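# Secondary and tertiary structure notes
What follows is each chain in one-letter form.
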Amino acid sequence: MSAYGHLMEREFSAQSLQSRGDTGTEMGSRYVFESGFYMTSFAATIFIAALVTVGVLLITLLVTLAVMLQSCESRSKEVVKIKKASDSYHYCNIFALHGELNSLEAAKVPPVCRSLAIQYIKGGEYARDLNITMQIIESFFDTVSPSHDHLDVVLIDIDDILASDPWLNQYVCGKPIDCIKDATYLKHLHTLELYKKLQSRGWPLILLSRKPERQQNVTIEHLNSLGYNGWSSLIMRLDSDMEMDTHEYFSRQRAAMKKEGTQIISVISSQMDALTGSSLGRRVFKLPNPLYYNFESHIESWRLSH
């Protein structure tokens, strides 16, 4: 072979080796690409953002679950509180009924019932019940008329009214004693309105009181200051009646009226002692009373202590 031929052979061999080396390099790169992990900066950004989003969603889910659990726990506590309040409410209703029937003293009232009574006034339920009761009374008197001989009478218990203060238009129900006075004054307003309506329709009105007759002048003055006037009769207790049970006292007074020919059409009071017994007439009406014991005695004891 000539020198030129050898030279061409060497160049061809060199190119062939170089070509194989290049091919091996491409194969090696492709291998690394296929078996390794390669990612551009854009793809990495999307991947990291996805991880962050998933993390935020997990945290949100955990927070939501925590809030839901706390809400369920709070509701469970509220249900327990409502159940306890409901139990206390029913208990105090039953206790008040028996307390009225047996004329229990204020000291016998459980503290929880006193608190509920104050809330009954503060929440406006007492005013609502008083309005409804007055509507029922007026509805009854829309169906009856007084006789021409003036023997048909209406008896009204005035002792709760006498606890009202004529110089104040409204009490702020802050302290318990203020709530009691507020309720008493509210009852006075409604009773006075009913009193005027019955009087305008010609009904003879007889006022009943547990107070001793020796306080008659003071009582009349107080009634006039509150707007009560023109009644047919004011019945108060004689000294000999003061030792008598109030239930018996009212029953005897009604029996005496009946014996004299007086026809009792209705008795209106917030106290059970005036609404039980004989000779009660055609219809008795009990005004709502948040504290079944006498308002006046409670207020009077408060005044003496201050």
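The next thing to look at is the overall build of the chain. Within the chain one finds eight helices and five strands. Helices and strands in the chain line up, N terminus first, as α-α-α-α-β-α-β-α-β-α-β-β-α. Across the 306 residues in the chain, those meeting the buried criterion constitute 35%. In the chain, the proportion of contacts linking residues at least 24 apart, taken out of those at least 6 apart, comes to 71%. Total accessible area computed for the chain in this model is approximately 19100 Å², and 60% of it derives from carbon and sulfur atoms.

This paragraph deals with empty space enclosed by the protein. Under the criterion given, the structure shown has one cavity of 30 Å³ or more. The wall of the largest cavity is formed by I156, D157, D160, I161, K187, T191, I268, S269, S270 and L287. In terms of residue class, the lining of the largest cavity is built from four nonpolar, three polar and three charged.

This part takes up the pattern of salt bridges. Any two side chains of opposite charge can pair, given that their charged atoms come close. Applying the stated criterion across every chain yields a total of nine salt bridges. R210 is the partner of D273 in a salt bridge, and the nearest nitrogen-oxygen pair spans 2.7 Å. Of the two residues, D273 sits in the loop between β4 (263-269) and β5 (283-286) while R210 sits in strand β2 (residues 205-212), which places them 63 residues apart along the sequence. Classification of D273 by relative accessible area gives buried; the value is 7%. Sharing partners across several salt bridges, the network here consists of D157, D159, R210 and D273.

Owing to its 3.6 residues per turn, the α-helix aligns residues three or four sequence positions apart on the same side. In a regular helix each residue adds 1.5 Å, so 17 residues correspond to 24 Å; helix α4 (residues 125-141) covers 25 Å between its end C-alpha atoms and thus fits that length. Turning to α4, its buried residues number three or more, namely Y126, L130, T133, M134, I137, F140 and F141. For α4, the arc enclosing every buried residue in end-on projection is 120°, short of the 170-degree limit, so these residues lie on one face.

Moving on: a nonpolar patch on the surface. Together, V54, L58, L61, L62, L65 and M68 give the surface a local cluster of nonpolar side chains, amounting to about 580 Å² of exposed area. Counting through the fold element by element, L62 comes out in helix α2 (residues 41-102).

A few words on the pairing of β2. Of all eight residues making up β2, eight are buried, and the element is well covered by its neighbours. Residues L205, L207, S209 and K211 point to one face of β2 and I206, L208, R210 and P212 to the other, with burial holding for every one of them. Where strand β1 (residues 152-157) and β2 come together, four bridges link them in parallel fashion. Note on β2: the bridge partner recorded for I156 is L207. As paired strands, β2 and strand β3 (residues 233-237) are joined by four bridges and run parallel to one another. The partner of P212 across the bridge, within β3, is R237.

So, about the nonpolar core. By size, the foremost hydrophobic cluster in this structure holds 35 residues, and its most contacted members are F141 and I268. When residues in this core are grouped by element, the largest group, seven residues, is from helix α5 (residues 176-200). Non-local contacts of I268, meaning those with residues more than four positions away in its chain, are made with I137, V154, L155, I156, D157, L194, L198, F285 and L287. Among the nonpolar cores identified, the runner-up in size contains 13 residues, and F250, V267, A274 and L275 belong to it.

What follows deals with the packing of aromatic side chains. The full count for this structure, using the stated rule, is seven aromatic pairs. Taken together, a centroid distance of 6.1 Å and an interplanar angle of 35° make the contact between Y91 and F95 tilted. Taken together, the positions of Y91 and F95, both in helix α2 and four residues apart, correspond to about one turn of that helix. The interplanar angle of 65° and the centroid separation of 5.9 Å between the aromatic rings of Y120 and Y126 together place this pair among those described as edge-to-face. The class of Y120 is buried, set by a relative accessible area of 17%. By relative accessible area, Y126 is classed as buried at 1%. These aromatic residues form a ring-pair network of at least three members: F140, F141, W203 and F285. Between R237 and the ring centre of Y249, over which it is positioned, the NZ or CZ distance is 5.1 Å.

The rules we used
Residues numbered from 1 in each chain as written. Predicted model: local features only at pLDDT ≥ 70, side-chain atom pairs only at ≥ 80, totals over all residues. Heavy atoms only, no water. Helix = DSSP H or I, 4+ residues; strand = E, 2+ residues; numbered from the N terminus. Buried < 20%, exposed > 50% of the residue type's maximum accessible area, 1.4 Å probe, protein only. Contact = heavy atoms within 4.5 Å. Areas by Shrake-Rupley, 256 points an atom, 1.4 Å probe, with all protein chains shown as cover. 1 Å grid on protein atoms, 1.4 Å probe; cavity = no way out; pocket = protein on both sides within 12 Å on 5 of 7 lines; lining within 4 Å. Points joined across faces, edges and corners; volume = space filled by probe spheres on them. Nonpolar A, V, L, I, M, F, W, Y, C, P; charged D, E, K, R; others polar. Salt bridge = Lys/Arg side-chain N within 4 Å of Asp/Glu carboxyl O. Expected span 1.5 Å × (residues − 1). Arc of directions from axis to C-beta. Patch = residues over 30% accessible without salt bridge, like charges linked within 9 Å, V, L, I, M, F, W, Y side chains within 5 Å. Pairing = 2+ DSSP bridges. Core = buried A, V, L, I, M, F, W, Y, C linked by side-chain atoms within 4.5 Å. Phe/Tyr/Trp six-rings, centres within 6.5 Å; stacked < 30°, edge-to-face > 60°. Lys NZ or Arg CZ within 6 Å of the ring centre and 35° of its normal.

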